Amino acid sequence: MTDHDTGRDDPAVPTLYDMYRDDPEGADKRLFGRIPNADRRGFLRGAGLATMTAMVGMAIPYHRTMPSGFIPMALAESEGAIEGKDGLSVLNDRPMNAETPPHLLDDAVTPTSRHFIRNNGIPPEDVDPDSWTLTIDGLVDEPMTLSIADLKERFEVVEENLTIECGGNGRAFFDPPASGNQWTYGAVACSRWTGVRLADVLKAAGVKDSVVYTAHYGADWHLSGDPDKLPISRGVPIEKAMNPHNLIAFAQNGEPIHPMNGAPLRLVVPGWPGSCSQKWLTRIQLRDQVHDGPKMTGTSYRVPNRPVAPGEDVPKEDFVIIEAMPVKSLITAPATGGETAERTIEVRGHAWAGDDSITKVEVSNDFGATWREASLDAPENPYAWQQWRAEASFPQAGYYEVWARATSDKGISQPHAIAWNPKGYLNNSMHRISVRVV
Ligand SMILES: Nc1nc2c(c(=O)[nH]1)N[C@H]1C(S)=C(S)[C@@H](COP(=O)(O)O)O[C@H]1N2
Ligand SMILES: [Mo]
């Protein structure tokens, strides 16, 4: 198998399963050596427990007595399910990265069980919502440290459907390929989030005039286990931070946030790369310069400042930070590859466009020669993806493709071809599905 087939970031980073099969003792050390002074009484003490529990699909009551260098049978038999998730494809288990097949994203509000997982490091263990705190500091009049109860008490609690899409969604289709998780279509979701407005909290702290950028920090661990290293810390310009639709969220679809989606507290900064939406949020610092945390600099979440040819070697200084995500649509029904005896079927899905809204979705079933306008719903609230549906008619039996393309209120629509960039970001080319009419 090539690296492409396994869809992993880097062949040098083995999966949990590979690690235990090839070198059980070493794997144990890598998993448990990472938290200094961890009380290590058995296999599953330490940073690996959340991942292991997630992978076997349920709690492991006797984890304290599991021998070291031991791989659970459930993992030996399969790559394992993820607790509280349903039907996701695991692209990588260290860190955990899993996407949702398009036909499982059919709901207007993405159920938590189908919300993708994009981790850059190791999620925190034994998270206690009651003692969790968020610090707002840096260039503010009054630095604050707030509990989740404080947030609920001091600020208006709001609920919104907000689209989060990973900047690398669609990377799998880059040619030449781009390294990183080989996301196809499913690193996007629109759950209903409950929280307080980021802007309200920043205003309460008093944003100094010199502030230009935020810096977000979370409680997850760097893959190396080095407590002085952060897996990711990103930020946004203060103008974006003050948008009233950014939430500091403590609930997802009316329930506590899923552990892999940032429990107990996360940022949701919709419309911009998912990486701006810090999970396991502990601190927001305001700065008088652009943030320079891990995954802010170099080529991370950055694209060339001009169109480049596929495969072109672009100098680092020509990269700019990705801001709003581009206009895009997804066909969630029917599932690709299906067969139908009907001559007319309903095709449906969602469309979204960064900071903008969608004004038109069109569907073609003749390889783009003709297009039919879909009926399109208004968004539930700004930054919620919009539902559309259209009829596709097939004159005779045979192989068809259904293509969808959305247009934003800025008049921008989706391209046929990928605008290639070295790290495989922002693929918003049209979604195509195949239909066999029998
Ligand atoms: N603390 C922390 N926050 C994070 C990440 C992370 O690895 N650690 N990943 C980011 C990225 S790259 C994305 S796309 C989104 C994904 O959110 P989800 O896993 O809840 O779908 O979380 C972002 N927030
Ligand atoms: Mo991401």
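On a predicted model such as this, the values are computed, not experimentally measured, just so you know.

Rules of the game
- Residues numbered from 1 in each chain as written.
- Chains lettered and ligands numbered in written order.
- Predicted model: local features only at pLDDT ≥ 70, side-chain atom pairs only at ≥ 80, totals over all residues.
- Heavy atoms only, no water.
- Pairing = 2+ DSSP bridges.
- Helix = DSSP H or I, 4+ residues; strand = E, 2+ residues; numbered from the N terminus.
- Near = heavy atom within 4 Å.
- Polar contact = N/O pair within 3.5 Å; in protein donor to acceptor, adjacent residues only side chain to side chain.
- Areas by Shrake-Rupley, 256 points an atom, 1.4 Å probe, with all protein chains shown as cover.
- Nonpolar A, V, L, I, M, F, W, Y, C, P; charged D, E, K, R; others polar.
- pLDDT = per-residue confidence, 0-100.
- Contact = heavy atoms within 4.5 Å.

A separate point is the sheet that holds strand β15 (residues 327-333). Within a sheet, neighbouring strands are paired by backbone hydrogen bonds and run either parallel or antiparallel to one another. The strand order across the open sheet built from 4 strands is β15-β17-β21-β20, with neighbouring strands paired in antiparallel fashion. The outermost strands of the open sheet, each flanked by one partner alone, are β15 and β20 (375-376). With 6 bridges connecting them, β15 and strand β17 (residues 344-353) associate as antiparallel partners. Bridging from a neighbouring strand, Lys 328 pairs with Trp 352 of β17.

Turning to the site of ligand 1, a few remarks are in order. Not every one of the 19 residues close to ligand 1 is listed here, only the nearest: Phe 116, Asn 120, Asp 220, Arg 266 and Lys 279. Contact distances for ligand 1 include 3.2 Å between an oxygen atom and a side-chain N or O atom of His 115. Note that an oxygen atom of ligand 1 is positioned 2.9 Å from one of the backbone N or O atoms of Arg 118. Here ligand 1 loses 100% of its free accessible area of 530 Å² to cover by the protein chains. Among the residues making up the shell around ligand 1, the classes are represented as 7 nonpolar, 8 polar and 4 charged.

What follows deals with the confidence of the model for the chain. One rule of thumb: low pLDDT means the predicted coordinates there are not for detailed reading. For the chain, per-residue confidence averages 89 on the pLDDT scale, and 84% of positions sit at 70 or higher. Long-range and interchain partners of residues 1-13, a stretch whose pLDDT sits below 50, account for 21 contacts in this model, where long-range means more than four residues apart. Note on residues 33-47: pLDDT under 50 across the span, and 46 contacts to partners over four residues away in sequence or across chains.

Pairing is antiparallel across the open sheet formed by 3 strands, whose spatial order is β1-β2-β3. With one partner strand each, in any of the chains shown, β1 (89-93) and β3 (117-118) form the two edges of the open sheet. Taken together, the 2 bridges between strand β2 (residues 96-99) and β3 define a ladder with antiparallel strand orientation. In the strand pairing of β3, Ala 98 is matched with Ile 117.

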